[in-house]
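# Residue-level structural notes
Okay, here's what each chain looks like letter by letter:
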Amino acid sequence: MAAVVGNIEQDVDVALARTELNSAVPGSHSLGATELVSFCGETETASLLESTAAASAAEVVREKRLVKLQSSSNLWASGTNEKELKANMYIHLSNPLQRWRTDRILPWKMILQGVKALLVLAQAFLLTASPFDYRVYIMPETQDVFTNLLVNSPNDPISRYTFYAYSIDDVLEELQFSSDQFYNLKNITLAGYDYVKAENGSIIPIQVILTQYNLVELNTSERTFTLGGTYNDVSFWLQPSTQSQKSIVDQFLNASQDPDFARFVKMDVLFQVNHLRVVPPTMVLCYVISIKMHYQAVGGGIVQYSLSANPEYVSCNKRVAVNQSGDISVKLRLLTVLDGAVLIICTVSLISTGVVMFKSYKLAKAMGIFYHTHLNIELSWRERLPLFSNWHAFSILSDLFFVAGTVAKIASSYDYSSSLIAVKVLLGIGITLQSAVMLRYISYFEQLNALTRALSVAFPPLVKFITCVGILFLAYALCGWVILSPYHNKFTYFHEVLYSLLTSMNGDDLYTDYVAMPSQNKAVYVTGVLFFTTFIMLFFYSVRNLALSLIIHAHQESHVQEESVIDEVNLFIYSGPLTPSGVSLREIAGAKKFVDPDVIRNRKPHYGHRYGTVS
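Note that the structure is a prediction, hence the values are computed from the model and not measured. (Residues numbered from 1 in each chain as written. Predicted model: local features only at pLDDT ≥ 70, side-chain atom pairs only at ≥ 80, totals over all residues. Heavy atoms only, no water.)

What follows concerns the pattern of salt bridges. Inspection of the entire model under this criterion finds four salt bridges. Between Asp 194 and Lys 186 there is a salt bridge; the shortest N-O distance is 3.8 Å. Relative accessible area serves as the criterion here: at 25%, Asp 194 is assigned to the partly exposed category. The closest approach of N and O atoms between Lys 409 and Asp 339, which form a salt bridge, is 3.0 Å. Note that Lys 409 is positioned in helix α12 (residues 390-413) and Asp 339 in helix α11 (residues 327-375), a separation of 70 residues in sequence. This pair shows no difference in class: Lys 409 is buried, exactly as Asp 339 is. (Salt bridge = Lys/Arg side-chain N within 4 Å of Asp/Glu carboxyl O. Buried < 20%, exposed > 50% of the residue type's maximum accessible area, 1.4 Å probe, protein only. Helix = DSSP H or I, 4+ residues; strand = E, 2+ residues; numbered from the N terminus.)

What follows is the structure, given as structure tokens:
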């Protein structure tokens, strides 16, 4: 049988050589049966066609032999059988598309990941864009509503939700206006807002938490002062103004005992509001909205104040039954079906990926046993790492995030008091990891693997480069924070410094950064200009271009690296016989690559050794 297969392989080489010679001639084309007869004669043509058919049959025999050998072997015991171990490792690491083209092994894991990606994208899109989930949009709406209702700033706002007061009357008028608006809320709002009531049925009034210095005595004319070293918090309530109740301003001044605001540090004014939102046709959502107006003395006779509103989802005391045949109920059931499908397919993907990783462990274990038993070589786990794939780790992590996020989403779909923040975080991270998994399968197409191939080569030098750049960037951030924090509005806090420098690296806001420099202080102005100029020259022009050059170089090197560098696992797979009963992969699978067995027998024991090319 071996002699027959050898003759057939020889005939295949002759046929392939003639085909390659024919295709190398300009303007030539493949010869059909009629042309072969006229070119070679009937006898030679019949012999050539018979050899080609026999070669195809032999290739099929080799492929079936490999699949059968791989499927019938015991991975735990394959450490003593070179033929079975090579067959298992070759099938384990081979391209699923190649296995489909040659062995007709269905790439069901690739199909599973593609279906999972489509389902989770549909799930995320419906969660984010569906107008039926009003919990997603109520927070910014609530912030806008109460900023317009409770804030009466006579000055133009510096930002959307931040305002400034420059006199005592400004603060007192703002406090009076917001209190009057709150106590008249039911008569001025367009939605279902009402007050939160205590157990006795009375309205919970406005609470004020005032922070003051314990003692302040200022003598501006003589430039002397006495300042208490600690703060004192005063908490009191502001009741609605009536004939028997003083005005809001009088209540505040009596409680603060500081009519000149000399001891003022900060103040929080707290409101609580109930809100019912009716979602057509019959869904009712209930909220308790906590509103806080924060006043902060920022120096120079300026008080900065802002409003924040935080809605909390609560259970309604009375809920209108949802019509089970209504539009909302149908959509809810369809979304639940989609979530269930995502849960099932992610569970199947998690189990299948776990099985593959366990198989990788068994193959690595068997490879170590083979090297120790037959070659007397102790193979480290680091040299067996190519049997494990980083993509499998991404797949397992994405499945875990999707399962946790989907379970939380199903629970929140029927409990409107729960928050969707955790659901969105889990699904968002899962989608990012799943996109990395899909890159693995896309890279199997030679026309689409440029990104993954270049990133795999560029990642190690980029990590080293970014580490060095990060140290320099942190040094610039600390320098700018120390020098410019009292003078530049973008350098007040350290996180603002980081954001500002990151935008400057992209060339954004350069002119505004220069304009905001303090021209009245020449030393700080010159230092700031030098700081921004050197930062832009170094990071915008040098660092960015160096990073791009590393990526371009990695892209060029990625075309030849797979052929010029080979690891211990692939050396073993494509090696010649290493034992008396061993075979090469060329014999059992028709592989074109071949490694001299002496390369493995005479291997260098230290890590990081790179062998030459394979023939």
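There's plenty left to go through after this.
Running from N to C, helix α14 (residues 450-484) and helix α15 (residues 494-505) cross one another at 120 degrees; their axes reach a closest spacing of 10 Å. Classified by the angle between their axes, α14 and α15 sit oblique to one another. Two packed elements cross with a definite hand, and for α14 against α15 that hand is right-handed. Where α14 abuts α15, its residues Phe 473, Leu 474, Tyr 476, Ala 477, Leu 478 and Trp 481 lie against Phe 494, Val 497, Leu 498, Leu 501, Leu 502 and Met 505. Considering only residue class, the contact of α14 with α15 consists of twelve nonpolar, no polar and no charged. (Axes fitted to C-alpha atoms, helices over the stretch in contact; angles between N-to-C directions. Parallel < 35°, antiparallel > 145°, perpendicular 65-115°, else oblique. Left-handed = near helix turned anticlockwise from the far one by under 90°. Contact = heavy atoms within 4.5 Å. Nonpolar A, V, L, I, M, F, W, Y, C, P; charged D, E, K, R; others polar.)

Our focus in this paragraph is the pairing of strand β9 (residues 303-314). Of the two faces of β9, the one lined by Val 303, Tyr 305, Leu 307, Ala 309, Pro 311 and Tyr 313 is fully buried and the one lined by Gln 304, Ser 306, Ser 308, Asn 310, Glu 312 and Val 314 carries no buried residue. Inspection of the sheet shows strand β1 (residues 162-165) paired to β9 by four bridges, in the antiparallel sense. Bridging from a neighbouring strand, Ala 165 pairs with Val 303 of β9. (Pairing = 2+ DSSP bridges.)

A word on helix α13 (residues 421-442). Because each turn of an α-helix spans 3.6 residues, side chains separated by three or four positions in sequence point in the same direction. End to end, α13 covers 32 Å across 22 residues, agreeing with the expected 32 Å (1.5 Å per residue, within 8%). Where α13 is concerned, the buried positions are Val 423, Leu 427, Gly 430, Leu 433, Gln 434, Ala 436, Val 437, Arg 440 and Tyr 441. (Expected span 1.5 Å × (residues − 1).)

Before going further, it helps to examine the packing of aromatic side chains. The full count for this structure, using the stated rule, is 27 aromatic pairs. Geometrically, the ring pair formed by Phe 370 and Tyr 371 is edge-to-face, given 6.4 Å between the ring centres and 70 degrees between the ring planes. Classification of Phe 370 as buried rests on a relative accessible area of 0%. Here Tyr 371 falls in the buried class, since its relative accessible area comes to 0%. Between Phe 531 and Phe 532 the ring centres are 5.4 Å apart and the planes differ by 75 degrees, which places this aromatic pair in the edge-to-face class. Among the residues examined, Phe 532 registers a relative accessible area of 1% and is labelled buried. Put simply, the rings of Phe 473, Tyr 476, Phe 491, Phe 531, Phe 532, Phe 535 and Phe 539 touch in pairs and so form one group of aromatic residues. The aromatic ring of Phe 572 is capped on one face by Lys 86, whose charged end is 5.6 Å from the ring centroid. Seen from the ring of Trp 381, Arg 384 lies directly overhead, with NZ or CZ sitting 4.2 Å from the centre. (Phe/Tyr/Trp six-rings, centres within 6.5 Å; stacked < 30°, edge-to-face > 60°. Lys NZ or Arg CZ within 6 Å of the ring centre and 35° of its normal.)

Right, let's get into unusual backbone geometry. Despite not being glycine, Gln 257 has its phi angle at roughly 55 degrees, a positive value. Examined against the element boundaries, Gln 257 turns out to sit in the loop between α10 (248-256) and β7 (264-279). We note that Asn 376 has phi near 55 degrees; this positive angle belongs to a residue other than glycine.

Right, let's talk about the nonpolar core for a bit. The tendency in soluble globular proteins is for nonpolar side chains to be buried side by side. If you look at the biggest cluster of nonpolar residues, it comprises 40 residues, and the most contacted ones within it are Phe 146, Val 269, Ile 291 and Tyr 295. Of all the elements, strand β8 (residues 283-297) adds the most residues to this core, at six residues. Residues contacting Tyr 295, with those up to four places away along its chain left out, are Val 171, Glu 174, Leu 175, Phe 264, Lys 266, Met 267, Val 269, Val 303, Gln 304 and Tyr 305. Within the second largest apolar cluster, 23 residues are counted, among which are Leu 85, Ile 91, Leu 571 and Ile 600. (Core = buried A, V, L, I, M, F, W, Y, C linked by side-chain atoms within 4.5 Å.)

The next point concerns the environment of Phe 261. In this fold, Phe 261 is placed in the loop between α10 and β7. A relative accessible area of 15% means that Phe 261 is categorised as buried. C-alpha separation for the pair Phe 261 and Val 171, spaced 90 residues apart in sequence, amounts to 9.9 Å. When sequence neighbours within four positions are dropped, the list of residues in contact with Phe 261 reads Ile 168, Val 171, Leu 172 and Phe 252.

A few words on a nonpolar patch on the surface. On the surface, Trp 100, Leu 106, Trp 108, Ile 111 and Val 115 cluster together into a nonpolar patch covering about 470 Å² of accessible area. Counting residues per element, the nonpolar patch draws most heavily on helix α6 (residues 108-129), at three residues. Examined against the element boundaries, Trp 100 turns out to sit in helix α5 (residues 96-103). (Patch = residues over 30% accessible without salt bridge, like charges linked within 9 Å, V, L, I, M, F, W, Y side chains within 5 Å. Areas by Shrake-Rupley, 256 points an atom, 1.4 Å probe, with all protein chains shown as cover.)

A few words now on the confidence of the model for the protein chain. Here the protein chain averages 76 in pLDDT, and 73% of its residues register 70 or above. Helix α8 (residues 168-183) holds the highest mean pLDDT among the elements of the protein chain, 91, whereas helix α1 (residues 2-24) holds the lowest, 39. Note on residues 606-615: pLDDT is under 50 here. Beyond four places in sequence and across chains, it has 22 contacts. (pLDDT = per-residue confidence, 0-100.)

You can see His 553 is positioned in helix α17 (residues 522-564). Overall, the relative accessible area of 45% leaves His 553 in the partly exposed class.

Residue placement: Ile 204 occurs in the loop between β2 (192-195) and β3 (206-213). Note on Ile 204: relative accessible area 26%, which makes it partly exposed. In this structure the C-alpha to C-alpha distance between Ile 204 and Gln 239, which are 35 residues apart in sequence, comes to 9.1 Å. Once you skip the residues sitting within four places of it in the chain, Ile 204 turns out to touch Phe 182, Val 196, Lys 197, Ala 198, Trp 237 and Gln 272.

Turning our attention to the packing of α8 against α10. At a closest axis distance of 9 Å, the pairing of α8 and α10 adopts a crossing angle of 125 degrees. On the basis of their axis angle, the class for α8 and α10 is oblique. With respect to the hand of their crossing, α8 and α10 are arranged in right-handed fashion. Residues Leu 172, Leu 175, Gln 176, Ser 179 and Asp 180 of α8 touch α10, and the partners they reach there are Ile 248, Val 249, Phe 252 and Leu 253. Grouping the amino acids of the contact of α8 with α10 by side-chain chemistry returns six nonpolar, two polar and one charged.

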